[in-house]
Amino acid sequence: MKKLIVANWKMNPQSLLEAKKLFNSIKNRIKKNSALLKKTEIIICPPFVYLAPLSKLLQPTTYNLQPKLGAQDLFWAKMGAFTGEISPMMLKNLGVEYVIVGHSERRHILKETDEMIAKKLEAAIKNKLKPILCIGETEKERKSGKTFQVLKNQLKKALKSTSNVKLQTSNLIIAYEPVWAIGTGNPCKPEDAKEVLIFLKKLTQPSILYGGSVNSQNAKDYIEVGFDGLLVGGASLNHKEFIKIIKNSL
Ligand code: PGA
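Predicted model only: the values in this text are computed from it and were never measured. (Residues numbered from 1 in each chain as written. Predicted model: local features only at pLDDT ≥ 70, side-chain atom pairs only at ≥ 80, totals over all residues. Heavy atoms only, no water.)

Caption draft 1: Broad picture of the overall build of the chain. Secondary structure summary: the chain contains 12 helices and 8 strands in total. Over its C-alpha atoms the chain spans a radius of gyration of 17 Å, differing by no more than 12% from the 18 Å that the globule rule assigns to 250 residues. The dimensions of the chain, computed from C-alpha atoms along their principal axes, are 45 × 45 × 35 Å. Out of the 250 residues belonging to the chain, those deemed buried represent 51%. (Helix = DSSP H or I, 4+ residues; strand = E, 2+ residues; numbered from the N terminus. Rg over C-alpha atoms; globule rule 2.2 N^0.38 Å. Buried < 20%, exposed > 50% of the residue type's maximum accessible area, 1.4 Å probe, protein only.)

Put into structure tokens, the structure is as follows:
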């Protein structure tokens, strides 16, 4: 199965010009080295406002030789009075294939609850977007030995509304992102991440990614312990570093 390498640009870069430059650099490097795409699926998740212009840079004729687009979030309702929100169909209509759901920055900074995440996950699955569900423990939870319990709970609550089990597992991707490892330069040790991976694989079938301070040096360690791919934040904003991450994950 192909490894999934996901770039989460978060709230970067600050102009469309920079976003296009970064996207084109990644796209062109991939095109020149098509072997990269035989073994990996590369997914770029820019801020919402760049999705439409970036989708125009993709050519339908060379679909298999290009990165795919993902959104960083979505709203659960179909349409209506939800100021500031983006519906699943709006994303679908732009050619977006993937969507990150329940990122820890949304859980912790924007106070997104498990109930909201469950609704978003259900909406993504119903609209045939491939959700990348993020779960992860805080430093305090890890130190008090609650990691497995927290992850199990997050998973259980997120999947609550998706009653059809086949639907749940078909397109769902899980990203294990320990909160304390995100954006800190302090990644989870691969052997510790492997313990979590084994635990999660017992609970659920989907592909499982690792995220949290991934860079070109440590990327292959997570693939070697068995993760199905990586969710990359900061390091995905530098196209050379991101391409190295992809190459090192092969
Ligand atoms: P990071 O972010 O790679 O900058 O730690 C990962 C993420 O938040 O998805």
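From this point, the discussion proceeds with the structure in view.
Caption draft 2: Representation of the environment of glutamate 112 in the model. With respect to the helices and strands, the residue glutamate 112 is situated in the loop between helix H5 (104–108) and helix H6 (114–126). The exposure class of glutamate 112 is buried, given its relative accessible area of 6%. A C-alpha to C-alpha distance of 7.4 Å links glutamate 112 and glycine 102, two positions 10 residues apart in sequence. Once residues within four sequence positions are removed from consideration, glutamate 112 is found in contact with Asp73, Gly102, Arg106, Arg107, Ile117 and Lys120. For glutamate 112, the side chain forms a polar contact with the side chain of lysine 120, separated by 2.8 Å. (Contact = heavy atoms within 4.5 Å. Polar contact = N/O pair within 3.5 Å; in protein donor to acceptor, adjacent residues only side chain to side chain.)

Caption draft 3: Quick look at the sheet that holds strand E8 (residues 229–232). Read around the closed barrel, 8 strands run E1-E2-E3-E4-E5-E6-E7-E8, paired in parallel fashion. In this sheet, neighbouring strand axes are inclined to one another by 25 degrees on average, regardless of whether the strands run parallel or antiparallel. In this sheet, strand E7 (residues 207–211) lies alongside strand E6 (residues 173–176) in parallel orientation, the contact comprising 4 bridges. From the neighbouring strand, alanine 175 faces E7, where its bridge partner is leucine 209. (Pairing = 2+ DSSP bridges. Axes fitted to C-alpha atoms, helices over the stretch in contact; angles between N-to-C directions.)

Caption draft 4: The arrangement of the packing of helix H8 (residues 147–158) against helix H10 (residues 190–203) in detail. In the contact formed by H8 and H10, the axes pass within 11 Å of each other and the chain directions differ by 40 degrees. With respect to the hand of their crossing, H8 and H10 are arranged in right-handed fashion. Listed contacts from H10 to Thr147, Phe148, Leu151, Lys152 and Leu155 of H8 are Glu195, Val196, Phe199, Leu200 and Leu203. Of the residues contributing to the contact of H8 with H10, the split by class is 7 nonpolar, 1 polar and 2 charged. (Left-handed = near helix turned anticlockwise from the far one by under 90°. Nonpolar A, V, L, I, M, F, W, Y, C, P; charged D, E, K, R; others polar.)

Caption draft 5: Geometry of the site of the ligand. Around the ligand lies a shell of 14 residues, among which Lys10, His103, Glu177, Gly183 and Ser213 are the nearest. Here an oxygen atom of the ligand and a side-chain polar atom of glutamate 177 are 2.7 Å apart. Between the ligand and glycine 183 there is a distance of 2.6 Å, counted from an oxygen atom to a backbone nitrogen or oxygen. Considering only residue class, the shell around the ligand consists of 5 nonpolar, 7 polar and 2 charged. (Near = heavy atom within 4 Å.)

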